Amino acid sequence: GDCFIRYPYEQMLTITNVSSVVRTKFEILPQLKQTKSVGTFETEPSIAVIEPGDSMQVKVRLIAQKLGPFKVPMTINVAGSKEPPLQAVLAFNTIGPKIALDLTEMRWGNIECLKDAANSIKLTNVGLTTASMRMFLKMARSNYRLAVRELVLDAGQSYDLEVTANLDDSVVCKDEIHVVVDEG
């Protein structure tokens with residue numbers, strides 16, 4: 001499923017000893033070095049013994065490091081087994097911060113010509129990680145101004161971005177606010 005970049009996720013893995021006679025020792029081998037750039041995982045416990053016919057829950061903690069869909073192999077070695085080690089695959093899609101806006105369009109209505117008139121739009125970080133962003137207007141010579149051009153929002157945090165209009169009544173003025181979210 002989707003995982004926010006650099007946010008820790010935990011899931012349980014059940015390992016079962018299918019033997020009704022022999023205790024089984026397993027070891028989850030260290031992660032392959034070449035897979036650590038996309039995501040890292042740890043397991044708890046990484047070595048244990050399972051009684052005959054019993055099962056054990058292993059906590060797998062994953063932290064995704066790179067945007068996109070990935071599969072990272074996890075190898076489980078069973079002591080004394082003549083079979084090759086067991087393979088599990090951690091499949092995840094890493095996503096960046098998510099910002100929600102409370103409006104898709106801003107209208108000022110009737111305002112006094114050539115005087116500043118402020119309005120605001122609420123930006124909310126609806127993701128689980130910190131979001132860094134830059135904002136700018138599409139038009140180089142805009143009749144609008146943004147109160148801030150750079151912003152950092154923690155998870156769940158909101159900010160009311162003030163947009164100021166200084167309009168001439170002889171011309172219809174339109175512009176777009178662009179919000180560029182780092183790793184978004």
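Residues numbered from 1 in each chain as written. Predicted model: local features only at pLDDT ≥ 70, side-chain atom pairs only at ≥ 80, totals over all residues. Heavy atoms only, no water.

Draft legend 1. The arrangement of the side chain of T35 in detail. Note on placement: T35 falls in the loop between β3 (24-28) and β4 (39-44). In this structure the side chain of T35 is engaged in a polar contact, spanning 3.0 Å, whose partner is the side chain of Q31. There is a polar contact of 2.8 Å between the side chain of T35 and the backbone oxygen of L32. For T35, the residues in contact, after removing those within four places along its chain, are V72 and P73. (Helix = DSSP H or I, 4+ residues; strand = E, 2+ residues; numbered from the N terminus. Polar contact = N/O pair within 3.5 Å; in protein donor to acceptor, adjacent residues only side chain to side chain. Contact = heavy atoms within 4.5 Å.)

Draft legend 2. Spotlight on the environment of N93. Within the secondary structure, N93 sits in strand β8 (residues 86-95). Residue N93 is classed as partly exposed on the basis of its relative accessible area of 25%. A C-alpha to C-alpha distance of 4.0 Å links N93 and P69, two positions 24 residues apart in sequence. When residues no more than four places from it in sequence are discounted, the contact partners of N93 are G1, D2, C3, G68 and P69. Within polar-contact distance, the side chain of N93 engages the side chain of D2 at 2.9 Å. (Buried < 20%, exposed > 50% of the residue type's maximum accessible area, 1.4 Å probe, protein only.)

Draft legend 3. Expanded view of the environment of I95. Along the chain, I95 falls in strand β8. The class of I95 is buried, set by a relative accessible area of 17%. Placed 27 residues apart in sequence, I95 and G68 show a C-alpha to C-alpha distance of 6.7 Å. Apart from residues no more than four positions distant in its own chain, I95 is found in contact with D2, C3, F4, I5 and L67.

Draft legend 4. Geometry of the sheet that holds strand β2 (residues 8-16). Within the open sheet, the 3 strands sit side by side as β2-β6-β4. Their pairing is antiparallel. Strand pairing shows two members of the sheet lacking a second neighbour, β2 and β4, which therefore form its edges. Strand after strand, the sheet turns through a mean of 25° between neighbouring axes, direction not considered. Alignment of β4 against strand β6 (residues 55-64), held across 6 bridges, turns out to be antiparallel. From the neighbouring strand, E44 faces β6, where its bridge partner is K59. (Pairing = 2+ DSSP bridges. Axes fitted to C-alpha atoms, helices over the stretch in contact; angles between N-to-C directions.)

No statement about biological role is implied by the geometric values presented.
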